[in-house]
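One-letter residues, chain by chain:
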Amino acid sequence: MNKPQQFVRNGKFQLPSAAELGFDPLEMRRKYDFERDRRLRPDATAQYQDIDGDLHRYNDDPHVTEQIERAAVQETVEVAILGGGFGGMLIAARLEEAGIHDFRIIERAGDFGGTWYWNRYPGAQCDVESYIYLPLLDETGYMPSLKYSFQPEIHAHAQRIGHHFNLYPRSYFQTQVRDMRWDDAQARWIVTTDRGDVIQARHVVISSGSLNRPKLPGIPGIRDFKGHTFHTSRWDYDYTGGSPAGKLDRLANKRVGIIGTGATAIQAIPHLGAAAGHLYVFQRTPSSVDERRNRPTDPAWYKSLTPGWQQDRNDNFTKLLVGVQVDEDLVNDGWTELFKSLGELLDGTGATNLTDEELKQLGEILDYQHDNRVRARCDDIVKDPKTAEALKHWYRPWCKRPCFNDEYLPTFNRPNVTLVDTGGKGVDRLTAKGVVVDGVEYELDCLIFATGFEVSRATYTHQAELEIVGRDGVKLGDYWANGMRTYHGLMSHGFPNLHHMGFTQTGYTPNFTYQLDKQAQHLAAVFTDTRNRGYTVLEPTLEAEETYLRLVTAPNAMTDYLANCTPGYYNAEGTAKSNNDGFLQGHYPEGGLAFYEMLARWREAGDYAGLRVR
Ligand code: NDP
């Protein structure tokens, strides 16, 4: 960390020279621009291959041990919940606490867990601290074993919540909602499933996940490869052997390739490197990989925590991430370090009158300093200088998910691991035998796609794999064809009593479960209040929706930042020009904390501002 005096002299902001910094920020920016530009491609989000049709097997559930047999149901409930991940479970738990027991969870998978049900690849771990990420720790009394939990523990916690709140008897697994229609006369949604169920629900809450549908690169030959293939989110342990803890013993004599070096691949590659006969890592853009610094939970510390601690810790984390200074950084990790630096730098310098432009420049320099430190780890750890160089990321920290892992970089010192850097182009094509890059064919027995999930290329309903027909027969996919339109990120005009949980147009923080729980608490409070007052229909007015949309899509500090980023799903592969493009498609300008405070004020006012209520 640089000393504040470097930037503030006699109470006045002044940029340090390149000599003082040890690098030239302008040159750095040129390098970042160069690396971004050579990755931009005209097909942008259309570059990916849909997994419909004959590629649908990439989406099949490899974790199901038995098919659930049951008769189709016809029933009427207060709330139908789509999705049994943490979002769906949180709304169910908060409804249960509020005394609303009449709900059903409908889930495609064979169990609870959502992303942690599907993503069982070796090394799968949550990079947000377990004490704030694992929901309902206070309520279930569970102590996570580590500061950063691995997938089996997270999935087991989802099951624990399912038992604690008695959710299993009120859930339909291996069941997919295919169609939902609003029946205005009855003021209910008619929800139909692939099991022939017909469920009439006063309210529907959708928490179907934002990164749930695997995507593949749209490269020639994707159907030609004759070896074994699968996507990381549908890991095939029958083929690899081992478990999420690693020890992939069936790969010992295999030539294995993995395409992608994002947050998922970073965690799986150390296990593949340890097990495979030979591993080829096909890289288009390197990830920024910082230290993990994991450690076991201290039981004495955990025991000393008093009720409400998890909420306080989450608030503390979220405050830091929106630039609010706190007395103590409770989480104190790579995330909070990234956010704290600017505040710490200015604190006590007396330089309170910086212009927005000066703050922007400072932020940029701090990002470069951070990136330099992360890049230096490649030189320190990776022995082959060419490989070390190729593993360095050249984009600012929030352009892609920052990664934290202690085993990833050392994996490239193994003699059986080869980094195939494609210089930002991506792999050329697949053949029957393997992968081609720059005219060289890499023959493989197994090819693993760590190529992420459908985000911006699909319409919402395609991603969620269902049709939603609102009032007057309007389809949600059509209504959102040019981007999501919501009021508070939660409801849309023309779709009464339909509630969305997720990132979009809400208040962002990297701890997704914090957002989901806040949304669940909000919805449970609203449902309780409407029930008490005898309201049956809630729907945002068009005017309120448009006013809100203007607020969340107005340009803000992140708009330029993301527009200048290397391509990725955050910025619609480099095409995002406004705050309504890319992954978040708009977010509350003042961040997570302010957003949920605003929702609390809205509830307290009790006038349902912006909604038409009957
Ligand atoms: P990503 O979309 O982040 O990464 C996909 C990878 O595939 C990128 O490296 C991409 O390169 C690469 N790729 C795509 N097409 C090609 C091609 N034609 N040739 C070569 N490479 C290609 O998916 P992930 O599954 O890694 O992560 C998705 C998200 O899941 C993360 O951003 C994070 O939010 C979440 N996650 C969270 C974790 C946690 O700890 N909480 C852990 C793991 C994932 P390029 O970068 O050039 O596009």
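Quick summary incoming for the structure in this document. Computed from a prediction, not measured in an experiment: that's the story for all the values here. (Residues numbered from 1 in each chain as written. Predicted model: local features only at pLDDT ≥ 70, side-chain atom pairs only at ≥ 80, totals over all residues. Heavy atoms only, no water.)

Observations concerning the sheet that holds strand β13 (residues 278–283)
Spatially, β11-β20-β12-β13-β16 is the arrangement adopted by the 5 strands of the open sheet, whose pairing is parallel. Across the chains shown, the open sheet's two edge strands, defined by having one partner strand only, are β11 (228–231) and β16 (417–421). Strand-to-strand twist of the sheet, defined as the mean angle between neighbouring strand axes without regard to direction, takes the value 15 degrees. Taken together, the 4 bridges between β11 and strand β20 (residues 446–449) define a ladder with parallel strand orientation. Opposite H228, over in β20, you have C446 as the bridge partner. (Pairing = 2+ DSSP bridges. Helix = DSSP H or I, 4+ residues; strand = E, 2+ residues; numbered from the N terminus. Axes fitted to C-alpha atoms, helices over the stretch in contact; angles between N-to-C directions.)

Quick notes on the packing of aromatic side chains
The final tally for this structure, using the stated rule, is 33 aromatic pairs. Centre to centre, the rings of F595 and Y596 are 4.8 Å apart; their planes meet at 85 degrees, and the pair counts as edge-to-face. Given the relative accessible area of 0%, F595 is considered buried. When the ring of W602 is compared with that of Y608, the centres are 5.5 Å apart and the planes differ by 70 degrees; the resulting orientation is edge-to-face. Classification of Y608 by relative accessible area gives buried; the value is 5%. Each residue in the set F23, Y32, Y368 and W394 is aromatic and connected to the rest through ring pairs, giving one cluster. Here the basic side chain of R160 rests over the ring of Y142, its NZ or CZ set 3.7 Å away from the ring centre. Directly above the ring of Y148 sits R292, whose terminal nitrogen or CZ lies 3.5 Å from the centroid. (Phe/Tyr/Trp six-rings, centres within 6.5 Å; stacked < 30°, edge-to-face > 60°. Buried < 20%, exposed > 50% of the residue type's maximum accessible area, 1.4 Å probe, protein only. Lys NZ or Arg CZ within 6 Å of the ring centre and 35° of its normal.)

Concerning the pattern of salt bridges
Tallied over the entire structure, the rule returns 38 salt bridges. Several salt bridges converge on common partners, so that one network encompasses K31, E35, R38 and R39. (Salt bridge = Lys/Arg side-chain N within 4 Å of Asp/Glu carboxyl O.)

Focus on the packing of helix α3 (residues 86–97) against helix α18 (residues 512–533)
Across the interface, α3 lies against α18 with an axial gap of 8 Å and an inter-helix angle of 35 degrees. Pair α3 / α18 crosses with right-handed handedness. Residues F86, G87, L90, I91, R94 and L95 of α3 form the contact with α18, whose participating residues are T513, L516, D517, A520, Q521, L523, A524 and F527. Classifying every residue of the contact of α3 with α18 gives 9 nonpolar, 3 polar and 2 charged. (Left-handed = near helix turned anticlockwise from the far one by under 90°. Contact = heavy atoms within 4.5 Å. Nonpolar A, V, L, I, M, F, W, Y, C, P; charged D, E, K, R; others polar.)

A word on the site of the ligand
In the vicinity of the ligand lie 25 residues, with D127, T264, T285, K400 and Y569 positioned nearest. The separation between an oxygen atom of the ligand and a polar main-chain atom of T261 is 3.0 Å. Residue R284 places a side-chain N or O atom 2.8 Å away from an oxygen atom belonging to the ligand. Taken by itself the ligand offers 930 Å² of open surface, and the protein chains cover 90% of this. Per element, the largest residue contribution to the shell around the ligand is 3 residues, and it comes from helix α9 (residues 263–275). (Near = heavy atom within 4 Å. Polar contact = N/O pair within 3.5 Å; in protein donor to acceptor, adjacent residues only side chain to side chain. Areas by Shrake-Rupley, 256 points an atom, 1.4 Å probe, with all protein chains shown as cover.)

Here's the deal with the state of the cysteines
Inspection of every chain in the model, using the stated rule, returns 1 disulfide. A sulfur-sulfur distance of 2.0 Å marks the disulfide that ties C399 to C565. One quick way to see it: the torsion about the S-S bond of C399 and C565 is about -75 degrees, and its sign makes the bridge left-handed. Remark: C565 occurs in the loop between α20 (557–563) and α21 (591–605) and C399 occurs in the loop between α14 (385–390) and β15 (403–404); sequence separation between them is 166 residues. Its sulfur unpaired, C403 is 12 Å from the next cysteine sulfur, which belongs to C378. Owing to a relative accessible area of 5%, C403 belongs among the buried residues under this scheme. (Disulfide = S-S within 2.5 Å.)

So, the pairing of β13
In terms of burial, β13 is a largely internal element, 6 of the 6 residues being buried. Burial along β13 is two-sided: H278, Y280 and F282 facing one way and L279, V281 and Q283 facing the other are all buried. For the handedness criterion, the β-α-β arrangement of strand β12 (residues 255–259), α9 and β13 is classed as right-handed. (Right-handed = clockwise from strand over helix to strand, strands pointing away.)

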